[in-house]
Amino acid sequence: MTTDPLSLAVNWNYPTPIKFGPGRIAELADVCKVAGIARPLFVTDSALAKLPIATAALQLLSDAGLGAALFSEIKPNPSATNVIDGVAMFKRGGHDGVVAFGGGSALDAGKAIAFMSGQTRPLWDFEDVGDNWTRADPKGIAPTVAVPTTAGTGSEVGRVSVITDEETHTKRLIFHPRIMPVAVIADPVLTIGVPSHLTAATGMDALAHCLEAYCVHSYHPMADGIAIEGLRLIREWLPVACREGTNIEARARMLTAATMGAVAFQKGLGAIHSLSHPVGAHYGLHHGLLNGVLMPYVLTFNRTAIEPKMEVLARSLGLPRPGYDGVAAWINGLCREVAIPRTLAELGVDDSRADQIVRAALVDPTAPTNPIPLEADAVRALFIAALRGDGRAP
Ligand SMILES: NC(=O)c1ccc[n+]([C@@H]2O[C@H](COP(=O)([O-])OP(=O)(O)OC[C@H]3O[C@@H](n4cnc5c(N)ncnc54)[C@H](O)[C@@H]3O)[C@@H](O)[C@H]2O)c1
Ligand SMILES: [Fe+2]
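Residues numbered from 1 in each chain as written. Chains lettered and ligands numbered in written order. Predicted model: local features only at pLDDT ≥ 70, side-chain atom pairs only at ≥ 80, totals over all residues. Heavy atoms only, no water.

(A) Spotlight on the coordination of the iron ion (ligand 2). Those protein atoms acting as donors to the iron ion (ligand 2) are Asp-205 (OD), His-209 (NE2), His-273 (NE2) and His-287 (NE2), and they sit at 2.1 to 2.2 Å. In this structure, the iron ion (ligand 2) is coordinated by 4 donor atoms arranged in irregular fashion, with angles at the metal of 84 to 170°. Within one chain, the residues serving as donors to the iron ion (ligand 2) are arranged as D-x3-H-x63-H-x13-H. Within this pair, whereas His-209 is found in helix H6 (residues 196–215), its partner His-287 is found in helix H10 (residues 287–317), the two being separated by 78 residues in sequence. Given the relative accessible area of 15%, His-287 is considered buried. (Donors = N, O, S within 2.8 Å, 3.2 Å for Na, K, Ca; no water. Tetrahedral: all angles 85-135°; square planar, octahedral: opposite > 155°, others 65-115°. Helix = DSSP H or I, 4+ residues; strand = E, 2+ residues; numbered from the N terminus. Buried < 20%, exposed > 50% of the residue type's maximum accessible area, 1.4 Å probe, protein only.)

Quick look at the structure:
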């Protein structure tokens, strides 16, 4: 039974105010005004800036007298330079807030620009280590309105920005509770133009968030409940969204699942992300695609520590086979169905930088919450297995 897409138009206030549903982008100017933004800097990436969804959103702002300026010098996996350049434009233009419009790259860059717009310390001083976030001047944080155009990262409801350090080839997390956008417009119509391979890759990021958060060994039934429902939505709707890009219900369900993944991973993530961060930073590859390739190997790696949870998950999802084997079979089948490559080698990764990648994975902020403690030899073996395709889960 399909759902009337209009019945999917709702307002949520958790974890931040979210206007969800087809066509809600029409409310962008009103949402900015409520957020106290009169001169937004519109932050998006250079490819999106040319697409009608971005030009139409900019037009909505200028029609409402909000005269937004465009900043689109953002690469996929945004760098510190992108953020510094954006902050300079923010200050030059006398802006008072950011509209972050795009996939995770544009959302993270936009959030970081708003966060840094009134800080005096450099960006890396706010890396998510210890209580670094308390160094920030909260009065110097401008509001962000986030508009996701991919269904994957959930960055629209996240309290971190993932920024690439090009000097060390690492991805660093910039954390502050108030980096989270003050409002979100989640309009699934904006995701209709995402090509099938990118729908699959971004969907794999959402899946990795839900799965890794669920597998973290800490007591957090709220996050676990959200993760399981996110997984259920992804199981049902990711293949449909990949096959039928214009299916608005599939797009809406996947956009919801992506947001839920980011809420769930307040609990933590694991080795999929610990490895995909440095591999992505070294090879400039898409984050979600890497997560999809790594997922079956990390599942095998974590097997002994997650079997009881996989019993519950297989039952909750109504999988045809019980327990770990049922979950592994589902994930392997889904990866095949949405055409995720089987090995890192197929993406052009080799073993020449294995030492740096393993070192960075071990100190990645997501490493401590992997269900099995990560140590060098085992992580190296995991990376090599994913590179070559050894020992895929059955
Ligand atoms: N902040 C967080 O919590 C968080 C979580 C996970 C990932 N990330 C980060 O997010 C980034 C990845 O984000 P992503 O997966 O959304 O990809 P992306 O933002 O890099 O976008 C990928 C490509 O898709 C294009 N695109 C975006 N929307 C489109 C649309 N509607 N139609 C057509 N093309 C479109 C973009 O122009 C770009 O070329 C990485 O840097 C990753 O580290 C952040
Ligand atoms: Fe992710």
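(B) Looking closely at the pairing of strand S3 (residues 40–43). Every second residue of S3 is oriented toward a common face, with Pro-40 and Phe-42 on one face and Leu-41 and Val-43 on the other, all of them buried. Note: S3 against strand S5 (residues 97–102), 4 bridges, orientation parallel. Along S5, the bridge assignment pairs Val-43 with Ala-100. Bridge count for S3 against strand S4 (residues 69–71) is 3 bridges, and the pairing is parallel. Across the sheet, residue Phe-42 finds its bridge partner in S4, namely Leu-70. (Pairing = 2+ DSSP bridges.)

(C) Representation of the site of ligand 1 in the model. Taken together, the neighbourhood of ligand 1 is formed by 29 residues, with Gly-104, Ser-105, Thr-150, Lys-171 and His-286 sitting nearest. Ser-105 places a polar side-chain atom, nitrogen or oxygen, 2.6 Å from an oxygen atom of ligand 1. For ligand 1, a nitrogen atom lies 3.3 Å from a polar atom in the backbone of Val-160. Within the complex, the protein chains bury 91% of what would otherwise be the 870 Å² of accessible surface of ligand 1. Those elements that provide at least two residues to the shell around ligand 1 are helix H2 (46–49), helix H5 (104–116), strand S7 (160–165) and H6. Tallying contributions element by element places H6 first for the shell around ligand 1, with 4 residues. Along the lines of polarity and charge, the residues of the shell around ligand 1 split into 12 nonpolar, 13 polar and 4 charged. (Near = heavy atom within 4 Å. Polar contact = N/O pair within 3.5 Å; in protein donor to acceptor, adjacent residues only side chain to side chain. Areas by Shrake-Rupley, 256 points an atom, 1.4 Å probe, with all protein chains shown as cover. Nonpolar A, V, L, I, M, F, W, Y, C, P; charged D, E, K, R; others polar.)

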